[in-house]
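Single-letter residue listing:
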Amino acid sequence: VTDFTVSSDTITNGDTITLTCVATGETAPTFTFYTRGAAFDESKYTFVSGPTTETSGTTYTAMYVTTTKQATIIQGGQTAYCEASYGTGMGSDVAELTLTTYYDCASVDIPILGKILEL
């Protein structure tokens, strides 16, 4: 994996984001995107599409689209992974990045001493 990026530096709860993963090789790898185990954390993300792959010579670009549904700023973000697997005997490579989702302060109820503060 030569590059792994997210479509926005500032992710707000409810945003749709695209993760882009680039790998090179003589054969096309199989791309897998996940946050833990073998899948995206469904409590924090809603699957939209992907991975879809584009090819240019020996460079392969995969895109995975998801919508955030829970802020992760309190936990310091969540690690996302992209794995490019070249098949049995050929190996694989994994890259990671931290997805930090922020609250949308314009639509969050903030309780203060038992009362909801309206923004």
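Higher on the page you've got the structure.
## So, the overall build of the protein
At step 1: From N to C terminus, the protein includes zero helices and eleven strands.
At step 2: Shown N-terminal to C-terminal, the secondary structure of the protein runs as helices and strands in the order β-β-β-β-β-β-β-β-β-β-β.
At step 3: Expressed as a percentage of its 119 residues, the buried residues of the protein come to 32%.
At step 4: If you take every contact in the protein between residues at least 6 apart in sequence, the share linking residues at least 24 apart comes to 59%.

## What about the sheet that holds strand E6 (residues 59–68)?
At step 1: Read from one edge of the open sheet, four strands run E1-E3-E6-E5, paired in antiparallel fashion. Strands at the two margins of the open sheet, each flanked by one partner only, are strand E1 (3–6) and strand E5 (45–56). For this sheet, the mean angle separating the axes of adjacent strands, direction not counted, is 15°.

## Describing the pairing of E5
At step 1: Bridging between E5 and E6 involves nine bridges; their strand directions are antiparallel. Each bridged residue has a counterpart across the sheet, and for Thr-52 the counterpart in E6 is Met-63.
At step 2: Where E5 hands over to E6, the hairpin turn is made up of two residues, of which Gly-57 adopts a positive phi near 65°.

## Description of the environment of Ala-28
At step 1: With respect to the element layout, Ala-28 can be found in the loop between strand E3 (16–24) and strand E4 (30–34).
At step 2: Along the backbone, Ala-28 and Gly-87 are 59 residues apart, and their C-alpha atoms lie at a distance of 9.5 Å.

## Side note on a nonpolar patch on the surface
At step 1: Together, Ile-73, Ile-74, Tyr-102 and Tyr-103 make up a nonpolar patch on the protein surface, roughly 400 Å² of accessible area in all.
At step 2: Judged by its relative accessible area of 35%, Tyr-102 falls in the partly exposed class.

## Notes on the pattern of salt bridges
At step 1: Using the criterion set out here, one finds two salt bridges in the structure.
At step 2: Notably, a salt bridge pairs Asp-41 with Arg-36, separated by 3.4 Å at the nearest N-O pair.
At step 3: A residue is classified by how much of its surface remains accessible, and Arg-36, at 54% relative accessible area, is exposed.
At step 4: Close ionic contact of Asp-41 with Lys-44 constitutes a salt bridge, the shortest N to O distance being 3.3 Å.

## Considerations on the pairing of strand E8 (residues 92–99)
A regular strand carries its side chains on alternate faces of the sheet.
At step 1: Sheet analysis places strand E7 (residues 78–85) next to E8, joined by eight bridges and oriented antiparallel. Bridge assignment links Cys-82 to a residue of E8, and that residue is Ala-95.
At step 2: Taking the residues that link successive antiparallel strands as the turn, the E7-E8 hairpin has six residues, and the phi of Gly-87 there is positive, at about 105°.

## Brief notes about the sheet that holds E4
At step 1: The strand order across the open sheet formed by three strands is E4-E7-E8, and the pairing between neighbours is antiparallel. Since the sheet does not close on itself, it has two edges, and those belong to E4 and E8, each with one partner. Going across the sheet, the axis of each strand differs from the next one's by a mean of 15°, ignoring polarity.

Conventions used here
Each chain has its residues counted from 1, running along the sequence as written. It should be noted that, the model being predicted, local features are given only for residues of pLDDT at least 70 and side-chain atom pairs only at 80 or more, the latter also being counted only at that level, while totals for whole chains, interfaces and linings use all residues. Heavy atoms from the whole structure form the basis of all side-chain values; hydrogens and water molecules are not counted. Per the convention used, a helix needs a DSSP run of H or I reaching at least four residues, while a strand needs a run of E reaching at least two, with both numbered from the N terminus. When a residue's accessible area, from a 1.4 Å probe over protein chains only, is under 20% of the maximum for its type it is buried; when over 50% it is exposed; and in between it is partly exposed. In what follows, residue pairs with any heavy atoms lying within 4.5 Å of each other are defined as contacts. Any two strands are treated as partners once DSSP identifies two or more bridges connecting them. The axes are straight lines fitted to the C-alpha atoms, using for helices just the contacting stretch, and the angles between their N-to-C directions are given from 0 to 180°. What goes into a patch is any residue over 30% in relative accessible area without a salt bridge, connected to like charges within 9 Å or, for nonpolar side chains (Val, Leu, Ile, Met, Phe, Trp, Tyr), within 5 Å. Using the Shrake-Rupley algorithm and a 1.4 Å probe, accessible areas are obtained, with residue cover drawn only from the displayed protein chains. Basic side-chain nitrogens of Lys or Arg form a salt bridge, by our definition, when they fall within 4 Å of a carboxyl oxygen of Asp or Glu.

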